[in-house]
Structure formats: C-alpha cells, structure tokens
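Fold and contact review
The primary structure of each chain is shown beneath.
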Amino acid sequence: MRTNTFEIVHDRPYGAGVMASQPLAKDRVIADLTECATADEPSIYTIDVGDGRHIDGPQVRYLNHSCAPNVYVDAHLMHVRALRPIAEGEELTFFYPSTEWDMVGPFACLCGAADCVGTVTGARNTDTSVLRHHALNRHVEERIKAASAAGVTR
Ligand SMILES: [Zn+2]
C-alpha cells in the first residue's frame, strides 16, 4: 500500500513497517483513521482510541513503536500526524503507550533511544517520568489520573 504520504513495506528486520513516501513537515496529517475498522477486541495490531474502542486497518496495523517517535496517533482527531519534520524513506513510528494502557503483546524494545522504556507494555506499566516526555491521548491521561487517585502502585 502506498499513498502520497506513506508506504507500507514488508522488508524490515522485525516485519512490516510504514515509511514516509515524501518529506513530511511537522504537523502534517499523514493518515486518516476515520476509515479504520473497529476491532471486536484488542490485539497486537489494534490501537486503543478510548471509550473501549480499538481500531484496525493498514494505516495503523504496521506502524511500529519507538521511544523517540516521529508521529503521533491522535485518537480524538482520528489521524496520524508528524511530530517533527520527517525525511522521505524514514520509518514512521509512534509511542505505543500514548494510546495503549495495557498491551496484549508486550515486547522488548530495540529502538536504541536514550530513554528507551526497555519493555513496551502500555502506559499502565510505564514510569510516569517517561510518560511525561510524550504527548498522550486523553483516554490514557485519564487512566493515569484515575490510577494515581486510587493510589495504585505503578
Ligand atoms: Zn525503545
């Protein structure tokens, strides 16, 4: 799948990925998520958009995680946008805990970022000091607030 903003490739060492198909300016909307299907239940491919809804589609299924992401999945505006200028051919990545509270399939992150979370498990099990460095969706912010109000050890 190739659009004028992204291309899905299947030749990454870890499987598929999504690459910028042209240079993208900061804040450029890269993919519209309103056409995504609603999944019956969360999986390793879905994205949590709040209110118990999880979406799936080629626009999100192959977006890999990075602890130094270059795109943001906006579950309110239902789009993917650039967090910074992105070069043509650069892989698009987002910070999974920005949408996921709990993850169906936690994994060891190999992104190599200075503040890499190590094991990606969702916001619930990510240190608050790390989460503060990232833009988070409102449904995740609300879960963090609720957990801290309940005195849950995180
Ligand atoms: Zn990482």
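Residues numbered from 1 in each chain as written. Predicted model: local features only at pLDDT ≥ 70, side-chain atom pairs only at ≥ 80, totals over all residues. Heavy atoms only, no water.

**Description of the packing of aromatic side chains**
For any pair of aromatic rings, the description rests on two quantities: the centre-to-centre distance and the angle between the ring planes. Under the convention used in this document: Two aromatic rings, drawn from Phe, Tyr or Trp (for Trp, its six-membered ring), form a pair once their centres lie within 6.5 Å of each other, and the interplanar angle then sorts them: stacked below 30 degrees, edge-to-face above 60, tilted otherwise. Only protein chains enter the calculation, and the probe is 1.4 Å; a residue is then buried if its accessible area is under 20% of its type maximum, exposed if over 50%, and partly exposed in between. Counted as over-ring charges are cases with an Arg CZ or a Lys NZ within 6 Å of the ring centre that also lie within 35 degrees of the ring normal.
This model, assessed by the stated rule, comprises two aromatic pairs. Taken together, a centroid distance of 4.9 Å and an interplanar angle of 45 degrees make the contact between phenylalanine 94 and tyrosine 96 tilted. Taking relative accessible area as the criterion, tyrosine 96 reaches 14% and is therefore assigned buried. Directly above the ring of tyrosine 45 sits arginine 61, whose terminal nitrogen or CZ lies 4.0 Å from the centroid.

**Describing the sheet that holds strand E9 (residues 79–82)**
Hydrogen bonding along the main chain pairs the strands of a sheet, whether they run parallel or antiparallel. Defined as follows: Strand pairing is defined by DSSP finding a minimum of two bridges between the two strands. A run of H or I in DSSP counts as a helix once it spans at least four residues, and a run of E counts as a strand once it spans at least two, with each numbered from the N terminus. Interaxial angle, 0 to 180 degrees, is taken between N-to-C directions of lines fitted to C-alpha atoms, where a helix line uses only the stretch in contact.
Across the sheet, which stays open at both edges, the three strands sit in the order E3-E9-E8 with antiparallel pairing between neighbours. At either margin of the open sheet sits one strand with a lone partner, and together these are strand E3 (29–32) and strand E8 (71–74). With direction set aside, neighbouring strand axes in the sheet form an average angle of 20 degrees. One ladder, built from three bridges, connects E3 with E9; its direction is antiparallel. The residue of E9 that forms the bridge with valine 29 is arginine 81.

**Some details on empty space enclosed by the protein**
In plain terms, the rule: Points on a 1 Å grid over protein atoms alone make up a cavity when a 1.4 Å probe fits among them but cannot get out, and a pocket when they form an open set with protein on both sides within 12 Å along at least five of seven lines; lining residues each have an atom within 4 Å of a point. Grid points are joined across faces, edges and corners, and a volume is the space filled by probe spheres set on the points. Basically, the charged four are Asp, Glu, Lys and Arg, the nonpolar ten are Ala, Val, Leu, Ile, Met, Phe, Trp, Tyr, Cys and Pro, and anything else, Gly included, counts as polar.
Overall, the coordinates contain one cavity of 30 Å³ or more when judged by the stated rule. Size it by volume and the largest cavity reaches roughly 50 Å³. Around the largest cavity sit Phe6, Val18, Ile30, Ala31, Gln59, Leu63, Val80 and Leu92, which together line it. Its residues placed into classes, the lining of the largest cavity shows seven nonpolar, one polar and no charged.

**Comments concerning the layout of surface pockets**
Remark: the empty space left among the atoms is shown by a probe the size of a water molecule rolled over them. Volume-wise, the largest pocket comes out at about 830 Å³. What lines the largest pocket is a set of 34 residues, and nearest its centre among them are Leu63, Asn64, His65, Tyr96 and Phe107. Of all the elements in the fold, those that place two or more residues in the lining of the largest pocket are strand E2 (15–20), strand E5 (47–50), helix H1 (58–61), strand E7 (64–65), strand E10 (93–94) and strand E11 (107–108). Roughly 270 Å³ of internal volume is contained in the second largest pocket. Taken together, 13 residues form the lining of the second largest pocket, with Val49, Ala75, His76, Arg138 and His139 sitting closest to its centre. Breaking the lining of the second largest pocket down by element, the ones donating at least two residues are E5, E8 and helix H3 (138–149). Per element, the largest residue contribution to the lining of the second largest pocket is three residues, and it comes from H3. Looking at the lining of the second largest pocket residue by residue, the classes come out as four nonpolar, four polar and five charged.

**So, the nonpolar core**
The condition is simple: To form a nonpolar core, buried Ala, Val, Leu, Ile, Met, Phe, Trp, Tyr and Cys residues must be joined to one another through side-chain atoms within 4.5 Å. The contact definition used throughout considers only heavy atoms, calling two residues in contact when any of these lie within 4.5 Å.
Residues Ile30, Leu33, Ile55, Leu63, Val71, Ile86 and Leu92 are the most contacted members of the largest nonpolar core, which totals 29 residues. Elements that contribute at least two residues to this core include exactly strand E1 (6–12), E2, E3, E5, E8 and E9. Those residues in contact with leucine 63 that lie beyond four places of it in its chain are Val18, Val71, Val73, Val80, Leu92, Phe94 and Tyr96. One finds Val130, Leu136, Val140 and Ala147 within the second-largest nonpolar core, a separate group that totals nine residues.

**Some points on the coordination of the zinc ion**
Condition: Donor selection uses N, O and S atoms within 2.8 Å of the metal (3.2 Å for Na, K and Ca). Since no water is included, sites may look incomplete. Labels for metal geometry use angle windows, namely 85 to 135 degrees for all angles of a four-donor tetrahedral site, and for square planar (four donors) or octahedral (six donors) sites opposite donors over 155 degrees apart plus all others within 65 to 115; sites meeting none of these are irregular.
Protein-derived ligands of the zinc ion are Cys67 (SG), Cys109 (SG), Cys111 (SG) and Cys116 (SG), with the metal-ligand distances lying across 2.3 to 2.4 Å. One way to put it: the four donor atoms around the zinc ion meet at angles of 104 to 115 degrees, and that makes the site tetrahedral. Written as a sequence motif, the donor arrangement for the zinc ion is C-x41-C-x1-C-x4-C.

**Section: the sheet that holds E5**
Reading across from one edge, E4-E6-E5 is the order of the three strands in this open sheet, with antiparallel pairing throughout. The open sheet terminates on both sides in strands that have one partner only, identified here as strand E4 (37–38) and E5. Both E5 and strand E6 (residues 53–56) contribute to a ladder of three bridges, which runs antiparallel. Looking across to E6, one finds that aspartate 48 is bridged to histidine 54.

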